[in-house]
Amino acid sequence: MKKQILSLVLLSFFVATSYAQLRQNFYQTSCPNVESIVRSAVTKKFQQTFVTAPGTLRLFFHDCFVRGCDASVFLSNPNAERDHHDDLSLAGDGFDTVIKAKAAVDSNPNCRNKVSCADILALATRDVVALTGGPSYKVELGRRDGRISTKKSVQHKLPHADFTLDQLNTMFAFHGLSQTDMIALSGAHTLGFSHCGQFSKRIYTKSGIDRTLNTKYALQLRQMCPVNVDPRIAINMDPTTPRTFDNVYYQNLQQGKGLFSSDQILYTDNRSRPTVNLFASNNNAFNQAFVAAMTKLGRVGVLTGNQGEIRRDCSRVN
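Rules behind the numbers
- Residues numbered from 1 in each chain as written.
- Predicted model: local features only at pLDDT ≥ 70, side-chain atom pairs only at ≥ 80, totals over all residues.
- Heavy atoms only, no water.
- Helix = DSSP H or I, 4+ residues; strand = E, 2+ residues; numbered from the N terminus.
- Rg over C-alpha atoms; globule rule 2.2 N^0.38 Å.
- Buried < 20%, exposed > 50% of the residue type's maximum accessible area, 1.4 Å probe, protein only.
- Contact = heavy atoms within 4.5 Å.
- Areas by Shrake-Rupley, 256 points an atom, 1.4 Å probe, with all protein chains shown as cover.
- Disulfide = S-S within 2.5 Å.
- Salt bridge = Lys/Arg side-chain N within 4 Å of Asp/Glu carboxyl O.
- UniProt positions renumbered as here; feature names shortened; annotations may be inferred.
- Axes fitted to C-alpha atoms, helices over the stretch in contact; angles between N-to-C directions.
- Parallel < 35°, antiparallel > 145°, perpendicular 65-115°, else oblique.
- Left-handed = near helix turned anticlockwise from the far one by under 90°.
- Nonpolar A, V, L, I, M, F, W, Y, C, P; charged D, E, K, R; others polar.
- Core = buried A, V, L, I, M, F, W, Y, C linked by side-chain atoms within 4.5 Å.

## Some remarks on the overall build of the protein
- On a plain count of helices and strands, the protein comes out with 13 helices and two strands.
- Here the C-alpha radius of gyration of the protein, 20 Å, is about what a compact globule of 318 residues would show, namely 20 Å.
- When the backbone C-alpha atoms are referred to their principal axes, the protein occupies close to 60 × 55 × 40 Å.
- When burial is assessed residue by residue, the protein has 50% of its 318 residues classed as buried.
- Residue pairs in contact within the protein that sit at least 24 positions apart in sequence constitute 74% of those at least 6 positions apart.
- Of the accessible surface of the protein, which amounts to about 15,100 Å², a share of 53% is contributed by carbon and sulfur atoms.

Structure below.
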């Protein structure tokens, strides 16, 4: 027992030491224009396709929850994270956004091979949130890229569409994130889409329709996702303002329009409902909580100093 406690203490010290080395002006001397370079590349990609926004945001979350924010999700090998079934639906446009931003950064002779893929992903995520109407915020930098990516490491590390509040809280708490952080980060579902196969059990149950789901909304979903439809058909996560980063996601939950049961549980469970109501009525409160949660998320499992590398190609170790 003493050994376990000591291990936890040492792990906590290691994690705190790692993210303590992150700072907002990390590239002030080595690549002072990195933020404007990344923002320009991300904006150009966003103008080409809206999927840039939800794709990049989801990619950041998936990367940080597996092995930490180390860009390991980008690595390609016969047994990589991105080949796990939980990552197969990650949008190619999310990967492409970071790859293009990395190329733009490295095209500057002063910046070449000085900025990690992990940091570029963090910056690009901030930029797509702002481009869709959400808050712009300062990003801590100084992450190194990881050298390991395995399919096995993804198992049981990402939340599923049918998670209960307890399951969500347990998974997020493992990364030092509170219930409020979890609810704020769930607000990212204000953007993007899912697929019929992810929620079909809610609209086609033995007793009809999931009782926590708005009936009119459920019937609309049935029209878009009829029985035996291709399970990959895309459906907006937010049926009201799917292209705007706002607090309407929480207002939808109040009306029984959470697409996943893991969304709707945030309102139906009395322990989390007050926070949903706060965010639904106060967009500023949501934005502030989201920025705080994203900052904490960006510190999860980071590699700094000599712990990792700065990849020349995001998809391969040097």
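## Some points on helix H11 (residues 261-268)
- The complete set of buried residues in H11 reads Ser262, Asp263, Gln264 and Leu266.
- Tucked into the core, H11 has its buried residues touching helix H6 (165-173), helix H7 (179-186), helix H8 (196-203), helix H10 (248-254) and helix H12 (273-281).

## Re the state of the cysteines
- Counted by the stated rule, this structure contains four disulfides.
- Put simply, Cys196 and Cys225 are joined by a disulfide, and their sulfur atoms are 2.0 Å apart. Looking along the S-S bond of the Cys196-Cys225 disulfide, the torsion reads about -70°, which is the left-handed sense. Taken together, the residues span a long stretch of sequence, with Cys196 in helix H8 and Cys225 in the loop between helix H9 (215-224) and strand E2 (234-236) at a distance of 29 residues. Accessibility assignment for this pair places Cys196 and Cys225 in one class, buried.
- Here the bonded cysteines of the protein are numbered in sequence order, and their pairing is 1-4, 2-3, 5-8, 6-7.

## What to know about the pattern of salt bridges
- As enumerated under the stated definition, the model contains 16 salt bridges in all.
- Of the charged contacts in the structure, one is a salt bridge between Asp106 and Lys102, with a shortest N-O distance of 3.4 Å. With Asp106 and Lys102 both in helix H4 (residues 92-106) and four residues apart, the pair spans about one turn of that helix.
- With relative accessibility at 12%, the residue Asp106 sits in the buried group.

## A short note on the UniProt feature "active site" (unreviewed entry) in the protein
- On the UniProt side, "active site" (unreviewed entry) is annotated at positions that read His62 here.
- Mapped onto the elements, His62 comes out in helix H3 (residues 52-65).
- Residues contacting His62, with those up to four places away along its chain left out, are Asp86, Asp87, Leu90 and Leu158.

## A short note on the packing of helix H2 (residues 34-48) against H4
- The contact between H2 and H4 brings their axes to 9 Å, and the two run at 140°. One finds that H2 runs oblique with respect to H4. The two elements H2 and H4 meet at a crossing, and its hand is right-handed. In this structure, H2 uses Val34, Ile37, Val38, Ala41, Val42 and Lys45 to contact H4, whose residues at the interface are Asp93, Asp96, Thr97, Lys100, Ala101, Ala104 and Val105.
- Its residues assigned to classes, the contact of H2 with H4 shows eight nonpolar, one polar and four charged.

## Some thoughts on the nonpolar core
- The biggest cluster of nonpolar side chains holds 74 residues, and the ones touching the most others in it are Val38, Phe74, Val105, Tyr250, Leu266, Phe290 and Leu297.
- Per element, the largest residue contribution to this core is nine residues, and it comes from helix H5 (residues 117-131).
- Those residues in contact with Val38 that lie beyond four places of it in its chain are Ala101, Val105, Ile120, Leu123, Ala124 and Asp127.
- Ala161, Cys196, Ala218 and Leu221 belong to the second-largest nonpolar core, a separate cluster that totals 13 residues.

## Here we look at the packing of H7 against H12
- Viewed as axis vectors pointing N to C, H7 and H12 meet at an angle of 45°, and their least axial separation amounts to 10 Å. If you check the angle between H7 and H12, you find them oblique. The way H7 lies across H12 gives a crossing that is right-handed. Contacts from Thr180, Ile183 and Ala184 in H7 reach Thr275, Val276 and Phe279 in H12.
- Across the contact of H7 with H12, the residue classes break down as four nonpolar, two polar and no charged.

## Focus on the environment of Lys138
- Here Lys138 is to be found in the loop between H5 and H6.
- Taking the C-alpha atoms as reference, Lys138 lies 6.7 Å from Gln24; in sequence the two are 114 residues apart.
- When sequence neighbours within four positions are dropped, the list of residues in contact with Lys138 reads Gln24 and Arg126.

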